[in-house]
Amino acid sequence: MSSLPLIIDLDGTLIHTDMLHESALRTLRDKPVEVLRIPFLLARGKAVLKRRLAQHGEFDATSLPYNTDLLEWLRQERSNGRKLILCTASDQSIANAIADHLGVFDEVMASDGVVNLAGKNKADALVQRFGQAGYDYAGNSHADLPVWRSARRAVVVNAPPDLARRAANCCEVERSFAAPGAGFTAWRRVLRVHQWLKNLLLFVPLFAAHQFTDPANWMPLLLAFIAFSLCASSVYIANDLLDLESDRQHPRKRNRPFASGQVPAWQGVLCAPLLLMASAAVAWQVGGNFFGWLSGYFLLTCAYSWLLKRLMLVDCVTLALLYTLRIIAGAAALSMPLSFWLLAFSVFLFLSLAFVKRYAELQVQVLHGKKKAHGRGYYTTDAPLIQMLGVCAGYAALVVLALYLNSDAVVTLYRTPEIVWGAVPVMLFWVSWMWMQAHRGHMHDDPLVFAVKDKASLVAGVCFAAVLAVGTAGWPR
């Protein structure tokens, strides 16, 4: 057993995140005007900035992405009688809350609103307290090198190989804890590449108008698809960064790259605007009114991320509009007029799917004994009403489809309109099937993602396409 105290860093070491970044993001979400004051606060010193950001709102210490391997080892060391001290550049109030939750630290040293306890400041404070080589230190960044130079032994946590070598040159390395990988798979989840499937809705007007045989129509839509996908990924990143606490309290969303700390939040802050600029550059090449509709989609999505998703019912209506905007933008990319029937059908169908999404989320909360969905305007007791509203919206979409099939437009587009009526029972089955799966607790967080993986949904999609194809070509004689 070591007789010297073990000093443990917080940000990036004990937790897979940085509390300064999280405090800034929380301020951006809850008090966006205060973000404008950050440069002025920073001019007065990092400690002043950290103290001010920490005062803007409480955080949930229980849901932070802790380094479980390190924490388990610390508990073993403490049980062996080793003194553990949490020493961090984060503000004192944050460090105290985390230490109180974990219950493994004998003492807490942190930034106090005057001195930023990082780098040389941290090393000087520890040497003054324990003397040269009078402590062991667990850290993770280049800012910890001055601390290791004054320490007896180092515990290297989540550090790249070059930093581990530099730490070994400062003092003896007692133990190392590997960094979590953040490779291609993590970034694919950050960008939500699977969600790009939603952007295939851009092609719906092309097929609905039976203009898919014209090669000139495909290039604008392909560019539109790329622009929407880049824009959507930018928004997904922003949404994940602003929704960290809610995601960490969700059984599945807590494993998302930012919520789990697998990908640092600062990388998302840099990536999101770059994706948005790339999206705008591609959208500008499409021409027509497409850029305006993409801008509208982006603004509405931002409003959803900041406010609308917390408003009961408004969130579901907004989701339905975001889906429908993709169809409108697809028509704009081709300078093609949109059918009233297509818009009405889309709004009701996507409203039903939005209710499916919320209902599935509430079902998960019920299973985990919660009474309210964190960050949302719903109680778990609202689930039956959400189910009723969603089923009604889905069947309203079917009524619109049935009325459309009795309109003059069908006669001009289909050689055998009576065959197209087969689409109604197919859609009737699919809407009912989706709600049945949600009711049984089988639904994914995103209904469209569930649909592309669900065999029954895929069969229904093939049948729907076959009915329209036969109706277009005519029944073989």
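Peer 1: Tell me about the packing of aromatic side chains, residues and numbers included.
Peer 2: Tallying each qualifying case throughout the model produces 15 aromatic pairs. Considering the side-chain rings of phenylalanine 203 and phenylalanine 225, the 6.5 Å spacing of their centres and the 50° angle between planes classify their relative orientation as tilted. Taken together, the residues phenylalanine 203 in the loop between helix H9 (184–191) and helix H10 (204–208) and phenylalanine 225 in helix H11 (residues 218–242) connect sequence positions 22 residues apart. Judged on exposure class, the residue phenylalanine 203 and its partner phenylalanine 225 are both buried. An angle of 55° between the planes, with centres 6.3 Å apart, marks the rings of tryptophan 341 and tyrosine 404 as tilted. Of this pair, tryptophan 341 sits in helix H17 (residues 340–367) while tyrosine 404 sits in helix H18 (residues 383–404), placing them 63 residues apart in sequence. The partly exposed category is assigned to tryptophan 341, whose relative accessible area is 25%. Grouped by ring-pair contacts, the aromatic residues Phe203, Phe207, Phe212, Trp218 and Phe225 constitute a single cluster. The aromatic ring of tyrosine 379 is capped on one face by lysine 372, whose charged end is 5.6 Å from the ring centroid.

Peer 1: With reference to specific residues and values, describe a nonpolar patch on the surface.
Peer 2: On the surface, a cluster of nonpolar side chains totalling about 310 Å² of accessible area is made up of Trp306, Leu307, Leu311 and Val314. Looking at the secondary structure, you find leucine 311 in the loop between helix H15 (290–306) and helix H16 (314–333). Of the residues examined, leucine 311 reaches a relative accessible area of 34% and is grouped as partly exposed.

Peer 1: Tell me about the packing of H17 against H18, residues and numbers included.
Peer 2: Helix-helix packing: each pair is described by the crossing angle between the helix axes and the interaxial distance. Between H17 and H18, the least distance of the axes is 8 Å, while the angle of their chain directions is 160°. When the interaxial angle is binned, H17 and H18 end up roughly antiparallel. Remark: the crossing between H17 and H18 carries left-handed chirality. For the contact of H17 with H18, the per-class residue count stands at 19 nonpolar, five polar and one charged.

Peer 1: Tell me about the packing of H11 against H15, and please be specific about residues and values.
Peer 2: Viewed as axis vectors pointing N to C, H11 and H15 meet at an angle of 15°, and their least axial separation amounts to 10 Å. Viewed along their axes, H11 and H15 adopt a mutual orientation that is roughly parallel. For the crossing formed where H11 meets H15, the hand is right-handed. Of the residues in H15, those touching H11 at Ala224, Ala227, Phe228, Cys231, Ala232, Val235, Asn239 and Leu242 are Phe290, Leu294, Tyr297, Phe298, Thr301, Ser305 and Trp306. The class makeup of the residues in the contact of H11 with H15 is 12 nonpolar, three polar and no charged.

Criteria and cut-off values
Residues numbered from 1 in each chain as written. Predicted model: local features only at pLDDT ≥ 70, side-chain atom pairs only at ≥ 80, totals over all residues. Heavy atoms only, no water. Phe/Tyr/Trp six-rings, centres within 6.5 Å; stacked < 30°, edge-to-face > 60°. Helix = DSSP H or I, 4+ residues; strand = E, 2+ residues; numbered from the N terminus. Buried < 20%, exposed > 50% of the residue type's maximum accessible area, 1.4 Å probe, protein only. Lys NZ or Arg CZ within 6 Å of the ring centre and 35° of its normal. Patch = residues over 30% accessible without salt bridge, like charges linked within 9 Å, V, L, I, M, F, W, Y side chains within 5 Å. Areas by Shrake-Rupley, 256 points an atom, 1.4 Å probe, with all protein chains shown as cover. Salt bridge = Lys/Arg side-chain N within 4 Å of Asp/Glu carboxyl O. Axes fitted to C-alpha atoms, helices over the stretch in contact; angles between N-to-C directions. Parallel < 35°, antiparallel > 145°, perpendicular 65-115°, else oblique. Left-handed = near helix turned anticlockwise from the far one by under 90°. Nonpolar A, V, L, I, M, F, W, Y, C, P; charged D, E, K, R; others polar. Contact = heavy atoms within 4.5 Å.

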